[in-house]
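Notes for the structure review
Read off the chains here:
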Amino acid sequence: MTINSRGDASGAEWAAEHDIGEADAAALVGEQFPDLRGAPVALLATGWDNTVHLVGGRWVFRFPRRAVALPGVEREIATLPALAPGLPLALPVPTRIGRPSGSYPWPFWGAELIPGRELAEAGLPAAGQVRAAADLGAFLRALHDPGPAAGAGSALPVDPMRRGDPGVRAPMARERLDRLARRGVWRPDPAVERLLAEGERADPPPGPAVVVHGDLHLRHLLVGPDGRATGVIDWGDLCRADPAVDLSLAYAGFSGAARTALLAAYGRPLGPERETAARVLAVFLCAALADYAESTGRDRLLTASLAGIRRAVTP
């Protein structure tokens with residue numbers, strides 16, 4: 001789910017240009033993949049940019065909802081097969097590539113199902129949060145390694161949305177929070193305001209750019225019932241950027257012992273510039289998720305997103 005557009009509170013920014021329902025997905029998949037013809041199809045998830053269906057209980061197909069998502073779809077198809085083997089958590093590897101047709105004008109793809117629930121929905125107890133956080137830290141250490149992962153991502157763009165620049169993201173976060181406050185969803189918090197003011201004055205972290213997921217928030221880490229991380233999904237914003245772009249989930253998703261476990265498993269010092277950038281981006285992403293959740297009636301996601309804003313300013 002790419003979170004970047006400003007839009008308005010009407011929900012227009014995540015409105016689908018092409019919304020593929022179960023019957024549509026069954027027809028498209030059956031036409032292009034005859035071995036799946038007649039397989040049961042169930043809606044698995046929707047986001048800003050993709051509708052996701054489970055086909056035959058095994059295959060997850062992602063159908064872009066908006067034209068803005070198409071470059072990300074092409075990056076996923078080109079890069080994830082090379083990136084996945086070197087990482088300790090599962091990635092959705094596109095192995096069934098659907099092409100535009102008369103009934104649907106865009107490419108789509110299918111990958112084998114990764115088990116698990118979104119972190120935002122999992123409601124993990126404290127011990128489970130520590131396990132999930134440690135697994136994520138080890139994953140990010142491997143992803144951000146300048147060796148194998150960098151080779152797989154050498155053709156990727158460099159931070160095209162400037163998510164690693166707190167001077168860009170802080171005012172965008174404030175705009176989102178103001179929108180939520182006007183609707184009575186968010187009560188202004190002096191600690192959040194202090195962080196955003198610091199971010200507006202801050203320079204971007206000094207780098208270097210590494211391969212990053214690019215949109216790593218509460219919906220994109222999958223976990224099992226015991227808290228073990230099972231996979232990382234939705235790679236449409238895959239790019240090269242400062243590690244802070246992915247480390248934002250250390251602040252949005254975890255606190256206390258869990259965050260300590262994540263940063264220990266990551267094993268590289270952050271420094272004050274990177275920490276500020278990660279915390280500011282965490283506030284922005286959670287505010288955008290809260291906006292989306294409140295507007296679309298997703299109560300659990302709203303609760304998790306508002307909690308993420310508070311965690312982002314917690315030492």
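Residues numbered from 1 in each chain as written. Predicted model: local features only at pLDDT ≥ 70, side-chain atom pairs only at ≥ 80, totals over all residues. Heavy atoms only, no water.

1. Focus: the overall build of the protein
Helices and strands together make up the secondary structure of the protein, namely eleven helices and ten strands. In terms of C-alpha radius of gyration, the protein reaches 19 Å, essentially the compact-globule figure of 20 Å for 315 residues. For the protein, the spread of C-alpha atoms along the principal axes amounts to about 55 × 45 × 35 Å. Taken across its 315 residues, the protein has 53% of its residues classed as buried. Considering only contacts within the protein whose residues lie at least 6 apart along the sequence, 73% involve residues at least 24 apart. Carbon and sulfur atoms form 55% of the exposed surface of the protein, whose accessible area is close to 12500 Å². Here the protein carries 34 positive and 36 negative side-chain charges, and the mean point of each set is 3 Å from the other. (Helix = DSSP H or I, 4+ residues; strand = E, 2+ residues; numbered from the N terminus. Rg over C-alpha atoms; globule rule 2.2 N^0.38 Å. Buried < 20%, exposed > 50% of the residue type's maximum accessible area, 1.4 Å probe, protein only. Contact = heavy atoms within 4.5 Å. Areas by Shrake-Rupley, 256 points an atom, 1.4 Å probe, with all protein chains shown as cover. Lys, Arg positive; Asp, Glu negative; His and termini not counted. Charge placed at Lys NZ, Arg CZ, Asp CG, Glu CD.)

2. Quick notes on helix 9 (residues 256-266)
If you check which residues of helix 9 are buried, you get Ala-258, Arg-259, Ala-261, Leu-262 and Tyr-266. Angularly, the buried residues of helix 9 cover 160 degrees about the axis, an arc narrow enough to put them on a single face. Projecting away from the buried face of helix 9 at angles above 90 degrees are the exposed residues Ala-257, Thr-260 and Ala-264. Residues of helix 9 that are buried sit in contact with helix 4 (126-143), helix 8 (244-252), helix 10 (271-296) and helix 11 (299-312). Among the residues trailing helix 9, Gly-267 stands out with phi positive, at a value near 75 degrees. (Arc of directions from axis to C-beta.)

3. Let's talk about the pattern of salt bridges
Using the criterion set out here, one finds 21 salt bridges in the structure. Note that Arg-62 and Glu-76 form a salt bridge whose closest N and O atoms lie 3.0 Å from each other. Within this pair, whereas Arg-62 is found in strand 3 (residues 59-64), its partner Glu-76 is found in helix 2 (residues 70-83), the two being separated by 14 residues in sequence. Look at Arg-62 and you get buried, because its relative accessible area is 9%. Salt bridges here are not isolated pairs; linked through shared partners, they connect Glu-175, Arg-176, Arg-179, Arg-183, Asp-291 and Glu-294. (Salt bridge = Lys/Arg side-chain N within 4 Å of Asp/Glu carboxyl O.)

4. Here's the deal with the sheet that holds strand 1 (residues 41-46)
Reading across the sheet, the five strands line up as 1-2-3-5-4 and stay open at both edges, with antiparallel pairing between neighbours. Each having just a single partner strand, strand 1 and strand 4 (96-98) make up the two edges of the open sheet. Mean inter-strand twist for the sheet, computed between neighbouring axes without regard to direction, equals 25 degrees. Note: strand 1 against strand 2 (residues 50-55), five bridges, orientation antiparallel. In the strand pairing of strand 2, Thr-46 is matched with Thr-51. (Pairing = 2+ DSSP bridges. Axes fitted to C-alpha atoms, helices over the stretch in contact; angles between N-to-C directions.)

5. Digging into the nonpolar core
Phe-139, Leu-221 and Phe-254 are the most contacted members of the largest nonpolar core, which totals 73 residues. Considering each element in turn, this core owes the most residues, 14 residues, to helix 10. Those residues in contact with Phe-254 that lie beyond four places of it in its chain are Leu-119, Gln-129, Ala-132, Ala-133, Leu-136, Leu-221, Leu-249, Arg-259, Leu-262 and Arg-311. Residues Val-29, Leu-36, Trp-106 and Phe-108 belong to the second largest nonpolar core, which totals 15 residues. (Core = buried A, V, L, I, M, F, W, Y, C linked by side-chain atoms within 4.5 Å.)

6. Quick notes on the sheet that holds strand 8 (residues 221-223)
Ordered in space as 6-8-9, the three strands form an open sheet in which the pairing is antiparallel. The strands lining the two open edges of the sheet, one partner per strand, are strand 6 (117-118) and strand 9 (229-232). When strand 8 meets strand 9, the two strands line up antiparallel, connected through three bridges. The partner of Val-223 across the bridge, within strand 9, is Ala-229.

7. Comments concerning the environment of Gly-47
Among the secondary structure elements, Gly-47 is positioned in the loop between strand 1 and strand 2. With a relative accessible area of 9%, Gly-47 lands in the buried category. For the pair Gly-47 and Ala-15, spaced 32 residues apart in sequence, the C-alpha separation works out to 9.6 Å.

8. Points about the side chain of Arg-96
Within the fold, Arg-96 resides in strand 4. Reaching out from Arg-96, the side chain makes a polar contact with the side chain of Asp-35 at a distance of 2.7 Å. Apart from the residues lying within four places of it in its own chain, the contact partners of Arg-96 are Phe-33, Asp-35, Leu-36, Trp-59, Phe-61, Phe-108, Trp-109 and Gly-110. (Polar contact = N/O pair within 3.5 Å; in protein donor to acceptor, adjacent residues only side chain to side chain.)

9. A few points about the packing of aromatic side chains
Aromatic ring pairs are described here by two measures, namely the spacing of the ring centres and the angle between the planes. On inspection of all chains with the given rule, the structure shows eight aromatic pairs. Relative to Phe-108, the ring of Tyr-104 has its centre 6.2 Å away and its plane inclined at 70 degrees; by these criteria the two rings are edge-to-face. According to the relative accessible area criterion, Tyr-104 is buried, its value standing at 1%. Ring-pair connections join several aromatic residues into one group, and the members of that group are Phe-33, Phe-61, Phe-63, Tyr-104, Trp-106 and Phe-108. Just above the ring of Phe-284 sits the side chain of Arg-169; from NZ or CZ to the centre is 4.7 Å. Its end group placed over the ring of Tyr-266, Arg-268 keeps NZ or CZ at 5.6 Å from the ring centre. (Phe/Tyr/Trp six-rings, centres within 6.5 Å; stacked < 30°, edge-to-face > 60°. Lys NZ or Arg CZ within 6 Å of the ring centre and 35° of its normal.)

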